[in-house]
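Fold and geometry: a report
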Amino acid sequence: MNDLSFLKPASRQIDFDNFDDRLLLYVLQYEPSFFTCISCGGCTATCSAGNLTNFNVRKIGLWLRRGETEKLSEEIQKCMFCGKCTLVCPRDINIRNVILLIKKRIAMLKNENSPA
Amino acid sequence: MEKLIILPFSIGFIYLLGILGFRFVKWISGLSRLDKLRLIHSLKTRRFFDSLQEVFMEGLLHRKIFLKNPVLGYMHMSLAFGWFLLIVVGHFEVMVSRQSLIAPIYLPVFFRYFETGHSFPLAGIFSFLMDLLLLFVLSGVALAMLKRFKKQLFGMKKTTRLKTGDRIALLSLWMIFPLRLLAEGMSAGLYGNGSFLTSTLGHIFGNLNSETANLSLWTAYSCSLGFFFAALPNSRYMHIPTEILLIFVRNAGVKLKKRNNTYTNIQVFSCSRCGLCLDNCQLSAAGINNTQSVYILKNIRNHNLSDEQLFNCLLCGKCEVDCPVGINTIDLRITQRIESTRQYNSSYEYLEDGPAPKADTVYFAGCMTHLTPGIIASMKKLFQLAGENVWFMDEEKAPCCGRPLMLAGQYEAASKLIANNTRKIIGSGAKRLVVSCPICYKVFKEDYELANVEVVFHAEYILNLIRQQIITLKKGADRIIYHDPCELGRGMGMFEPPREVLRATGKVISIKNEKQMAHCCGGSLGNLKISQPERSLLRNQAVEDYLQYRPDVLATACPMCKKTFSRHPGLKVQDISETVVQALQSKVQPKAVIKKAKSNVLEAELI
Ligand code: SF4
Ligand code: SF4
Ligand code: SF4
């Protein structure tokens, strides 16, 4: 059978009354510079991991704002911490720290959820 | 009844010995088996005497502090060495007076109280010596008090903050010797067993001298000793005994191996909180004043180290150079980062092994160099002139070298990138790997196992081209300041090759803050928390210093430093490769045409 699932894509609607802001709030608490991201994509253009895969840093920011923790926890693994994104960001956002915080918080959430 | 005065002293002393014994046994048994063997072995070799000598030079004389700051050095020396001599000479005095080699421990401490006779041989000389030594120690105590209140007099910008345990220990330490002076003075007045210092004091006391006052002074002295001993294990003064252990363990070759073990504790407890690591730490220029090594060590000890502090450090290594105790502050901090991020190392399953083109030389530019295309262009030009058969490994795509991950503590993740790069480099059959970034250089040199491939930093590579006259340079009149990158200078100990290269192009001026004392540019990948505006403050501080010397060019050998400094408007910044290419005599003919076409094809396959 041909895979025709793309004809019926999963809903991309975000329910803002019901979204998971645990990651976002954590990041903003420790790296408030993320507030000023304008999604320009400069980071994505220079990204070393993005050069090797379809990894997209700007999307990380987007998913973070939408509370898409599931997707993030997979995707974030691809970053190599090289720091190029931080150097090119026109808003001086400490992206490397944003990534570190996301990874840390996801690990914390996993620990909370797993029965001790 | 009279003997009761020794009680506070004895209780404190026994308690201290118990705790010390317990901790030392715990720490040594916590070392790995191999490290224990190392330690035992080192006791049987010459290293044992080296360690003893170091204990004497650093633990008692405080030579390194002396060299950095003579007044501070004198303060530490008079307290430590003076007290040590008081104990030693005191014991001799007791042995002579009792005509016996064994005497109770407490006797030399309270000798002038118990020995009222003063009629044994050499008594006069001994009491003179003891008075002299007491004066020596007292001068140190006076300086210590002065330092607490007027630290500027010591040329120190900052001094560390105190906790309750430290306060008790500090106050009792300050009290011990003045009380001893008063007590011995009074005894000298009563029994005439003093010398120039104590007798004079006895005379001054005059009618105040009485048995009761004498007893109370001696009791107070005993109490201050007891308090000090009891407070010592929970105060920073724990560094005194621990430093001795540290010297032996370190000289045995014990190191932290990416995990905390009791060597962490030994180092943490050896920190005297002298605060010398604060003086040159640039973070304070950005108002960051709670993340320096002394605080991290304290937080590890108190189990309250936060990520915000741990990751807010440039890993520039200045504090390691400054630390008189020789604590490996960088290793220690990276180990804490490893522990803190152990749970979320990535596996990078997407990495693929592509075919590696055959070449004599591999060039790895690194992520940072890709942000400074001038360096890449210069390197290509130089390879071309040298007729090098070179494979530009990460021209199109390649994983990062792994060092930035390591700086963030993610060693496991870094090892995945390392394995992938290693296979490619070895697969190319190259004899050497040239890198133009110190961050890459450090990891390739220290953590890659590249068999016969020699890792060469571009400064060495270029220097070789100059020496072999493969390129000839025109020496200009430019005044050049060379900025030592942290990872290359303090990190890898390479100071001269870049300077020599630059000397072929202009006049390299030497400045105060260079080599081991060089500034960090502020761009460091080691710091994950500092903001860009804060980084600019650090950079400006360095630039201001450099501008005093009116350089025409600020040269460096790191793409990161170059990028950071270039953001400053008032300065011409170049990487040494760019300076060299600029100074090339134009007539040189390329020896061979670079075998680029072939590698292009293969790289196309990689994509
Ligand atoms: S640090 Fe991560 S996200 Fe940023 S450029 Fe490097 S690989 Fe990409
Ligand atoms: S780390 Fe070294 S320099 Fe810093 S306070 Fe401790 S002993 Fe002194
Ligand atoms: S490594 Fe550098 S930035 Fe970090 S504490 Fe030491 S001196 Fe300060």
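Residues numbered from 1 in each chain as written. Chains lettered and ligands numbered in written order. Predicted model: local features only at pLDDT ≥ 70, side-chain atom pairs only at ≥ 80, totals over all residues. Heavy atoms only, no water.

Time to look at the overall build of chain B. Per the secondary structure count, chain B includes 29 helices and eight strands. Along the longest, intermediate and shortest principal axes, the C-alpha atoms of chain B span 100 × 50 × 45 Å. Put simply, chain B has 607 residues, and 57% of those count as buried. Partitioning the contacts of chain B with sequence separation of at least 6, the portion at a separation of at least 24 is 75%. (Helix = DSSP H or I, 4+ residues; strand = E, 2+ residues; numbered from the N terminus. Buried < 20%, exposed > 50% of the residue type's maximum accessible area, 1.4 Å probe, protein only. Contact = heavy atoms within 4.5 Å.)

Residues and elements named next belong to chain B. You can see threonine 262 is positioned in helix α13 (residues 262–270). Overall, the relative accessible area of 13% leaves threonine 262 in the buried class. Along the sequence, threonine 262 and tryptophan 391 sit 129 residues apart, while their C-alpha atoms lie 46 Å from each other. Dropping the residues within four chain positions of it, threonine 262 is found in contact with Lys26, Trp27, Gly30 and Leu31.

Take the nonpolar core next. Leu64 and Ile102 of chain A together with Leu433, Phe444 and Phe565 of chain B are the most contacted members of the largest nonpolar core, which has 105 residues in total. In terms of residue count, helix α7 (residues 95–113) of chain A provides more of this core than any other element does, eight residues in total. Setting aside its immediate chain neighbours within four residues, isoleucine 102 of chain A contacts Leu23, Val27, Ile60, Leu64 and Ile76 of chain A. Judged by nonpolar contacts, the second largest core, of 83 residues, contains Leu173, Ala183, Met186 and Leu225 of chain B. (Core = buried A, V, L, I, M, F, W, Y, C linked by side-chain atoms within 4.5 Å.)

All names here are of chain B. In terms of domains, chain B is made up of domain 1 (62–217), domain 2 (256–344), domain 3 (361–466) and domain 4 (474–582). Every contact between the two is made by eight residues of domain 2 and, on the other side, six residues of domain 3. Here domain 2 and domain 3 share zero salt bridges between them. Counting every contact that joins domain 2 to domain 3 gives two residue pairs in polar contact (both at pLDDT 80 or more). (Domains from an automatic or database assignment. Salt bridge = Lys/Arg side-chain N within 4 Å of Asp/Glu carboxyl O. Polar contact = N/O pair within 3.5 Å; in protein donor to acceptor, adjacent residues only side chain to side chain.)

With that settled, consider a nonpolar patch on the surface. All names here are of chain B. Together, Leu122, Ile125, Phe128, Leu129, Leu132, Leu135 and Phe196 give the surface a local cluster of nonpolar side chains, amounting to about 600 Å² of exposed area. Residue contributions to the nonpolar patch peak at five residues, all from helix α8 (residues 123–149). Within the secondary structure layout, phenylalanine 196 lies in helix α10 (residues 196–205). (Patch = residues over 30% accessible without salt bridge, like charges linked within 9 Å, V, L, I, M, F, W, Y side chains within 5 Å. Areas by Shrake-Rupley, 256 points an atom, 1.4 Å probe, with all protein chains shown as cover.)

All right, on to the sheet that holds strand β4 (residues 454–457) of chain B then. All names here are of chain B. Taken in spatial order, the four strands line up as β2-β1-β3-β4 in an open sheet, and their pairing is parallel. Taken across any chain shown, the strands that pair with only one partner, and hence form the sheet edges, are β2 (390–392) and β4. Taking each pair of neighbouring strands and ignoring which way they run, the sheet shows an average axis angle of 25°. The strands touched by helix α23 (residues 458–467) are β3 (432–435) and β4; relative to β4, the strand with the most contacts, the crossing angle is about 80°. (Pairing = 2+ DSSP bridges. Axes fitted to C-alpha atoms, helices over the stretch in contact; angles between N-to-C directions.)

Close contacts around ligand 2 come from Cys271, Ser272, Arg273, Cys274, Gly275, Cys277, Val294, Leu297, Cys323, Pro324 and Val325 of chain B, and that covers them all. Class assignment of the residues belonging to the shell around ligand 2 gives a composition of eight nonpolar, two polar and one charged. (Near = heavy atom within 4 Å. Nonpolar A, V, L, I, M, F, W, Y, C, P; charged D, E, K, R; others polar.)

With 35 residues of chain B at the contact, the number on the chain A side is 29 residues. Inspection of the region where chain B meets chain A yields one salt bridge. Our count for the chain B to chain A interface comes out at 16 residue pairs in polar contact (both at pLDDT 80 or more). Where the side of chain B that touches chain A is concerned, the elements lending two or more residues are α16 (307–310), α18 (329–341), α20 (403–407) and α27 (559–566) of chain B.

A few words on the sheet that holds strand β8 (residues 573–575) of chain B. All names here are of chain B. Ordered in space as β6-β5-β7-β8, the four strands form an open sheet in which the pairing is parallel. Because the sheet does not close on itself, it has two edges, and the strands there are β6 (507–508) and β8. Taken together, the three bridges between strand β7 (residues 553–556) and β8 define a ladder with parallel strand orientation. Among the inter-strand pairings, leucine 554 is bridged to a residue of β8, identified as valine 573. Contacts from helix α25 (residues 496–503) reach β5 (479–483), β6 and β7, with the element oriented near 165° to β5.

Let us now look at the site of ligand 3. Residue and element names in this part refer to chain B. Around ligand 3, the surrounding shell holds 13 residues, and the nearest of these are Cys281, Cys313, Leu314, Cys316 and Cys319. When contributions to the shell around ligand 3 are tallied by element, the ones reaching two or more residues are α17 (318–322) and α18. In terms of residue class, the shell around ligand 3 is built from eight nonpolar, three polar and two charged.

Let us now look at the side chain of arginine 337 of chain B. Residues and elements named next belong to chain B. Within the secondary structure layout, arginine 337 lies in helix α18. Aspartate 307 is the oppositely charged side chain nearest to the buried, salt-bridge-free arginine 337, at an N-O distance of 8.1 Å. A polar contact of 3.0 Å, which involves the side chain of arginine 337, links it to the backbone oxygen of leucine 310. Among residues more than four places away in sequence, those in contact with arginine 337 are Leu310, Phe311, Asn312, Cys313, Leu315, Leu407, Ala408, Gly409, Gly526 and Leu528. (Lys, Arg positive; Asp, Glu negative; His and termini not counted.)

Time to look at the pairing of β3 of chain B. Residues and elements named next belong to chain B. Of the strand pairs in this sheet, strand β1 (residues 361–364) and β3 are connected by four bridges, and their pairing is parallel. Of the residues in β3, the one forming a bridge with valine 362 is leucine 433. The pairing of β3 with β4 spans four bridges and is parallel. Residue pairing in the sheet places valine 434 in a bridge with valine 456 of β4.

So, about the layout of surface pockets. Residue and element names in this part refer to chain B. The computed volume of the largest pocket comes to approximately 1,400 Å³. Forming the boundary of the largest pocket are 47 residues, of which Ala80, Trp83, Ile87, Phe228 and Ile240 lie nearest the centre. Residue assignment for the lining of the largest pocket shows that the elements contributing at least two residues are α1 (6–30), α3 (47–60), α5 (70–98), α6 (106–109), α8, α9 (164–191), α11 (211–231) and α12 (239–251). Per-element tally for the lining of the largest pocket: the top contributor is α5, with ten residues. (1 Å grid on protein atoms, 1.4 Å probe; cavity = no way out; pocket = protein on both sides within 12 Å on 5 of 7 lines; lining within 4 Å. Points joined across faces, edges and corners; volume = space filled by probe spheres on them.)

Now for the environment of phenylalanine 269 of chain B. All names here are of chain B. Counting through the fold element by element, phenylalanine 269 comes out in helix α13. Between the C-alpha atoms of phenylalanine 269 and glutamate 514, which are 245 residues apart in sequence, the distance is 31 Å. Contacts of phenylalanine 269, omitting those with residues within four sequence positions, involve Arg23, Trp27, Met238, His239, Thr242 and Arg301.

Residue and element names in this part refer to chain B. Residues Thr361 and Tyr363 of β1 are buried on one face, and the alternating residues Val362 and Phe364, pointing to the opposite face, are buried as well. Bridging between β1 and β2 involves three bridges; their strand directions are parallel. Note on β2: the bridge partner recorded for threonine 361 is valine 390. Handedness of the crossover joining β1 and β2 through helix α19 (residues 373–386): right-handed. (Right-handed = clockwise from strand over helix to strand, strands pointing away.)

Residue and element names in this part refer to chain B. Evaluation of the coordinates by the stated rule reveals 33 aromatic pairs over all chains. Taken together, a centroid distance of 5.0 Å and an interplanar angle of 90° make the contact between tryptophan 83 and phenylalanine 177 edge-to-face. Of the two residues, tryptophan 83 is situated in helix α5 and phenylalanine 177 in helix α9; the sequence distance between them amounts to 94 residues. Ring centres of phenylalanine 228 and phenylalanine 229 lie 6.1 Å apart, and the angle between their planes is 50°; on these two criteria the pair is classed as tilted. (Phe/Tyr/Trp six-rings, centres within 6.5 Å; stacked < 30°, edge-to-face > 60°.)

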